[in-house]
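Structural description and commentary
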Amino acid sequence: MTLRRATEDDFAPLTVLWAEGWDAGHLKHAPKALTKLRTAASFHMRLRNFGDDLMVTGERGAPTGFVAFQGDHIDQFYVRLDQRGTGLAAQLMQAAEAELMNRGYQVGVLDCATKNERARAFYEKAGWVERGIEEITVDTSAGPFTLRAHVYEKPLRNTD
């Protein structure tokens, strides 16, 4: 799988992809104060703010998934809902890990909402190891928002 930079044609469908995916994984469990801030406009703005740290899969104008990086963190990881169960997420994760290695990181980090069991199972199946539940800060249109999340790590290359 090849990751590519997002193009202007990708932002509208990426906004829908992220909003639908976030709702599916978080809406029932996230604090109400956070869900109120997770609007289509906020997803669109945040996608644009990732700049070169936003990478996508799929044809231009029809992305099937995306990953956004923040240093050694996989900050966001989503596939289109109709792509669940196709193997795309596993391929996207492998590509994301390779990108982190290309950026010079030996260990990757990602956070997962405490009640997002589907995502947690996926990350663990992909070889990510939970280091514990920690307080993290997420970006919102109203500024930083603190919540508790499972934090995962994965060695990306042999560190011997």
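All of the points below concern the structure found in this document. (Residues numbered from 1 in each chain as written. Predicted model: local features only at pLDDT ≥ 70, side-chain atom pairs only at ≥ 80, totals over all residues. Heavy atoms only, no water.)

1. Here's the deal with the sheet that holds strand S7 (residues 145-155)
The strand order across the open sheet formed by seven strands is S1-S2-S3-S4-S5-S7-S6, and the pairing between neighbours is mixed. If you trace the sheet from one side to the other, it starts and ends with strand S1 (4-5) and strand S6 (129-138), each paired once. With six bridges connecting them, strand S3 (residues 62-70) and strand S4 (residues 73-79) associate as antiparallel partners. Each bridged residue has a counterpart across the sheet, and for Gln70 the counterpart in S4 is His73. Set on the sheet, helix H5 (residues 117-125) makes contact with S4, strand S5 (107-113), S6 and S7; between it and S5 the angle comes to about 160°. (Pairing = 2+ DSSP bridges. Helix = DSSP H or I, 4+ residues; strand = E, 2+ residues; numbered from the N terminus. Contact = heavy atoms within 4.5 Å. Axes fitted to C-alpha atoms, helices over the stretch in contact; angles between N-to-C directions.)

2. Concerning the environment of Pro13
Relative to the assigned elements, Pro13 resides in helix H1 (residues 11-26). Judged by relative accessible area, which is 27%, Pro13 ranks as partly exposed. Along the primary structure Pro13 and Ala62 are separated by 49 residues, whereas in three dimensions their C-alpha atoms are 6.6 Å apart. Those residues within four positions of Pro13 in sequence are excluded, and the remaining contacts are Gly61 and Pro63. (Buried < 20%, exposed > 50% of the residue type's maximum accessible area, 1.4 Å probe, protein only.)

3. Observations regarding the environment of Gly25
With respect to the helices and strands, Gly25 occurs in helix H1. Residue Gly25 is classed as buried on the basis of its relative accessible area, which comes to 14%. On a C-alpha basis, the gap between Gly25 and Gln76 in space is 12 Å, while along the polypeptide they are 51 residues apart.

4. Observations regarding the layout of surface pockets
Gaps left between atoms are located by rolling a probe of water-molecule size over the structure's atoms. By volume, the largest pocket amounts to about 1300 Å³. Lining the largest pocket are 50 residues, with His26, Tyr78, Asn116, Ala119 and Tyr123 positioned closest to its centre. Breaking the lining of the largest pocket down by element, the ones donating at least two residues are H1, S4, helix H4 (88-102), S5, H5, S6 and S7. Looking at the lining of the largest pocket, the element that brings in the most residues is S4, giving seven residues. (1 Å grid on protein atoms, 1.4 Å probe; cavity = no way out; pocket = protein on both sides within 12 Å on 5 of 7 lines; lining within 4 Å. Points joined across faces, edges and corners; volume = space filled by probe spheres on them.)

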